[in-house]
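For reference, the chains in residue letters:
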Amino acid sequence: MRPFDYSRADGAPDAAAKAAQGATILAGGTNLLDLMKLEVMAPEAVVDISRLDLTGITPTEDGGLRIGALVTNTDLANDRTVRTQYPVLSRALLSGATVQLRNKATTGGNLLQRTRCPYFYDTGAACNKRDPGSGCAAMTGCNRILAVLGGSDHCIATHPSDMAVAMRALRARVALESPEGTREIALADLHVLPGDTPEVETVLQPGEVITSVILPPAPPGRQAYVKIRDRASYAFALVSVAGIVAIEDGRITEAALAFGGLAPKPWRDPEVEAALIGQPAGPAAAEAAADVLLADAKGHGGNDFKIPLARRTLKRALRELTEATS
Amino acid sequence: MIITLTVNGRRTELDLDPRTTLLDALRHHLALTGTKKGCDHGQCGACTLLVNGRRINSCLALAASHDGDEITTIEGLGKPEAMSDLQAAFVQHDGYQCGYCTPGQIMSAEAMLAEVAEGWPSYVTRALDDDPTLTDEEMAERMSGNLCRCSAYPRIRQAIGAVRDARASRTEAAE
Ligand SMILES: Cc1cc2nc3c(=O)[nH]c(=O)nc-3n(C[C@H](O)[C@H](O)[C@H](O)COP(=O)(O)OP(=O)(O)OC[C@H]3O[C@@H](n4cnc5c(N)ncnc54)[C@H](O)[C@@H]3O)c2cc1C
Ligand code: SF4
Ligand code: FES
Ligand code: FES
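Residues numbered from 1 in each chain as written. Chains lettered and ligands numbered in written order. Predicted model: local features only at pLDDT ≥ 70, side-chain atom pairs only at ≥ 80, totals over all residues. Heavy atoms only, no water.

**Student:** Sorry, what's going on with the overall build of chain B here?
**Tutor:** A count of helical and extended segments in chain B gives 6 helices and 5 strands. When the elements of chain B are put in sequence order from the N terminus, they spell out β-β-α-β-β-β-α-α-α-α-α. Computed over its C-alpha atoms, the radius of gyration of chain B comes to 16 Å, within 12% of the 16 Å expected for a compact globule of 175 residues. Expressed as lengths along the three principal axes of its C-alpha atoms, the size of chain B is roughly 45 × 35 × 35 Å. Across the 175 residues that make up chain B, the buried fraction comes to 53%. A separation of at least 24 residues holds for 53% of the contacts in chain B among residues at least 6 apart in sequence. Accessible surface, chain B: about 8000 Å² in total, of which carbon and sulfur atoms supply 49%. The distance from the centre of the 17 positive side-chain charges to the centre of the 25 negative ones in chain B is 6 Å. (Helix = DSSP H or I, 4+ residues; strand = E, 2+ residues; numbered from the N terminus. Rg over C-alpha atoms; globule rule 2.2 N^0.38 Å. Buried < 20%, exposed > 50% of the residue type's maximum accessible area, 1.4 Å probe, protein only. Contact = heavy atoms within 4.5 Å. Areas by Shrake-Rupley, 256 points an atom, 1.4 Å probe, with all protein chains shown as cover. Lys, Arg positive; Asp, Glu negative; His and termini not counted. Charge placed at Lys NZ, Arg CZ, Asp CG, Glu CD.)

**Student:** What am I meant to see in the packing of aromatic side chains here?
**Tutor:** The description of an aromatic ring pair rests on the distance of the ring centres and on the angle between the ring planes. The tally for this structure, following the rule as stated, stands at 1 aromatic pair over all chains. Where A:F120 meets A:Y121, the ring centres are 6.2 Å apart and the plane angle is 80°; that geometry is what we call edge-to-face. Note on accessibility: A:F120 and A:Y121 belong to one class, buried. The ring of B:Y123 is capped by A:R229, whose NZ or CZ atom sits 4.9 Å from the centre of that ring. Its guanidinium or amino end placed over the ring of A:Y234, A:R231 lies 5.5 Å from that ring's centre, counting from NZ or CZ. (Phe/Tyr/Trp six-rings, centres within 6.5 Å; stacked < 30°, edge-to-face > 60°. Lys NZ or Arg CZ within 6 Å of the ring centre and 35° of its normal.)

**Student:** What am I meant to see in the site of ligand 1 here?
**Tutor:** As a matter of local geometry, ligand 1 sits amid 35 residues, with A:I25, A:G29, A:T30, A:T106 and A:D162 nearest to it. In this structure, ligand 1 sits where chains A and B come together, each supplying nearby residues. Between an oxygen atom of ligand 1 and a main-chain N or O atom of A:A97, the distance comes to 3.1 Å. In the environment of ligand 1, a nitrogen atom lies 2.7 Å from a nitrogen or oxygen atom belonging to the side chain of A:D162. For ligand 1, whose free accessible area comes to 980 Å², the fraction covered by protein is 95%. Put simply, the parts of the chain that give the shell around ligand 1 at least two residues each are β2 (24-26), α7 (107-112) and β8 (209-215) of chain A. (Near = heavy atom within 4 Å. Polar contact = N/O pair within 3.5 Å; in protein donor to acceptor, adjacent residues only side chain to side chain.)

**Student:** Where do I start with the domain arrangement of chain B in this structure?
**Tutor:** How large an interface is tends to be reported as the accessible area lost when its parts come together. All names here are of chain B. Partitioning chain B into domains gives domain 1 (2-77) and domain 2 (85-174). A straight line from the C-alpha centre of domain 1 to that of domain 2 covers 22 Å. Summing both sides of the interface, domain 1 and domain 2 together bury roughly 1400 Å²; the carbon and sulfur share of this comes to 59%. It is R55, I74 and L77 in domain 1 that bury the most area against domain 2; as a group they hold 43% of the surface buried on that side. Our count for the domain 1 to domain 2 interface comes out at 1 salt bridge. Close ionic contact of E115 with R55 constitutes a salt bridge, the shortest N to O distance being 2.7 Å. (Domains from an automatic or database assignment. Buried area = accessible area lost by both parts, 1.4 Å probe. Salt bridge = Lys/Arg side-chain N within 4 Å of Asp/Glu carboxyl O.)

**Student:** I keep staring at the interface of chain B and chain A and nothing clicks. Help me out?
**Tutor:** Contacts between the two partners involve 45 residues from chain B and, on the opposite side, 42 residues from chain A. Carbon and sulfur atoms make up 50% of the area that chain B and chain A hide from each other, which totals about 3500 Å². In this assembly, chain B and chain A are joined by 5 salt bridges. Where chain B meets chain A, there are 28 residue pairs in polar contact (both at pLDDT 80 or more). Within the residue set of the side of chain B that touches chain A, elements represented by two or more residues are β4 (54-57), α4 (102-117) and α5 (136-142) of chain B. At 4 residues, β4(B) tops the list of elements feeding residues into the side of chain B that touches chain A. Here the side of chain B that touches chain A is composed, by residue class, of 16 nonpolar, 16 polar and 13 charged. (Nonpolar A, V, L, I, M, F, W, Y, C, P; charged D, E, K, R; others polar.)

**Student:** Is there a simple way to think about α4(B) in this case?
**Tutor:** Each turn of an α-helix holds 3.6 residues, which means side chains three or four residues apart point in the same direction. All names here are of chain B. Between its terminal C-alpha atoms α4 stretches 23 Å, which fits the 22 Å expected from 16 residues at 1.5 Å a residue. Counting buried residues along α4, 14 of its 16 residues qualify, which places the element largely inside the surrounding structure. Directly after α4, the chain includes G119, whose backbone phi takes a positive value near 85°. (Expected span 1.5 Å × (residues − 1).)

Following this line, the structure appears as C-alpha cells:
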C-alpha cells in the first residue's frame, strides 16, 4: 500500500471540504482498502468518515425511510421496518458478502463500490477504467462476470452491488453534500454508463459525499430478490432480479424490476415493466418482458450465457412474485 | 500516529503508520498471533475477530479507524488450560485439520451464536419477520465467510452444533 495522509472528518461538511481538496473518503473500507493494497487505488490523502453521526434509520414525513450513509449493511438488513416493509432490500443485503463484511460495509460505500472486473484489479493488464486510454483486456479476455447491457466498446464492467439493485427497484433517492451545498438525486441517476469515459462512474462532483439514501413509502405488492451465482453463498451475482409486483384479479397492475450483474449500473428498463402491466400473470407475460429486456443484449464470448440466464431468472422471479401462496 | 485499543480487556497505546491494518497491529505490534492472515483481502475469514462485540475481517480494517474500540481475539476467549466451550468443542470434535482457519472459525461462531440469539436474519431465513433458529442450513450460510482449505466443514459444524445445543439446554435449565 502506498503511504497516505490520514485524517478523520469531524462532520459531513469537513469530509466534503477535504474531499474537494482531493482526499478519498474511507467509510467501512472493505472495498477501498482492498484496492489500495493492490495499488489499483493510491490516494495521497484519506479522510475517514466512519465515526460520523450518519447511522440513523428514520421515518420520513411522507411515510418513507431515510437511511444514513454510514448505516452498516448489517443494521439495514436487520431493521424491523426494512424487514417488514422493504423485504426486497433486506434480502438483497443478506445475499451479499458475509456477516463479517456486512458489519463493516456501509450504505454509501456499498453504492460506490468499484467493479469486480478481474482486469481492473490487475495493474499489469490494460483497463480503460483504471488507466484511461490503455484499452480493455476484458473484451477478448475472461469476461464471464461482465456486462451484456449498457456497456461500450471501451468498458463492459458490471456494478457489483446487490443492495443498489433493490434500492433501484424501490425508487430510492440519494442525498449529497458538498462545499457548495446539498442536493438530492434519484439513485437511477447516480451511476453513469461507461461510453468512452469508463473512468467516470457517477455524477458525483469533486467534494460531494453521500449523506443518506431516501426510500419512498413501501409500494404495494409482493417483493422478492432472486440472485444467481456460482455457489450457494458468499459470491457476487451473475444475474439478480429485484422485483415488486402487484396483481389484481390475476392481472399485473404494478411492476418494478431492477437487475444486477447485467450492466455497469443497477439496471431498470421502464419498457420491461410496461410489457407486464395489464397482462395476466404467467409464463407468456414473463417471456414477453424478457424479450424487451434482452432485445439489445450483447455477449462477448465468456458472458454469452448471461443472456439466457437473465431470461430464466426473470421468469423465476415473476413466478415467485405472482404465484398463489399456499 | 498514536491510537488506543482495548484488546481482550487490556488497554494499549500504539504508535502506528496509518497503513497498518488491525490485523497487522495485533500480530506485529502486540505479538497476538492467534488471529491469522490468510488472504489479506477480506475473502477467507482467517482474520475474524470481534470489535465492540461484532465480528469483522481485521485485514480490511485500518487500526486507525478503530481508535478507542474494544477488540476480542481468540486469545481473549480462553487459554489452553481454561478453554471456552467453543474452543473445547473444536478439540473434542476434531473441528480442524491444519488448524490455520480455526481461530477465525471460533471467533465467527462465537459472534454467530449471539447474532441468532438477537434475532438477526440470514439469507436462508424463511420469514424475515420471525426470529431465526440455528438449523444446519442457517449455520452453513452464517459461517460461509470462514473458508477451510482442509475442508473440515462437517466437524466444524458438529463442534458448533454441540455448543449451540449445550448452551440452549443450559438456558432452559436456568429458566
Ligand atoms: C470478499 C468480498 C465479497 C463481497 N461480496 C459482495 C456481494 O456478494 N454483494 C455485494 O453487493 N457486495 C459484496 N461485496 C462488496 C461490499 O458490499 C462492499 O465492499 C461494501 O459495501 C463497501 O462499503 P464500505 O463502507 O466498506 O466502502 P469503502 O470501501 O469505505 O468505500 C467504497 C468507495 O466508496 C467511497 N465512499 C464511501 N462512502 C462514501 C460516502 N458517504 N460519500 C462518498 N463516497 C463514499 C469511497 O471513497 C470508496 O471509493 C464483497 C466484498 C468482499 C471483500
Ligand atoms: S471491462 Fe472496464 S473495468 Fe474491465 S478491463 Fe475493460 S475497461 Fe477495465
Ligand atoms: S485474511 Fe482477512 S479475510 Fe482472509
Ligand atoms: S483446518 Fe486447515 S484450513 Fe481449516
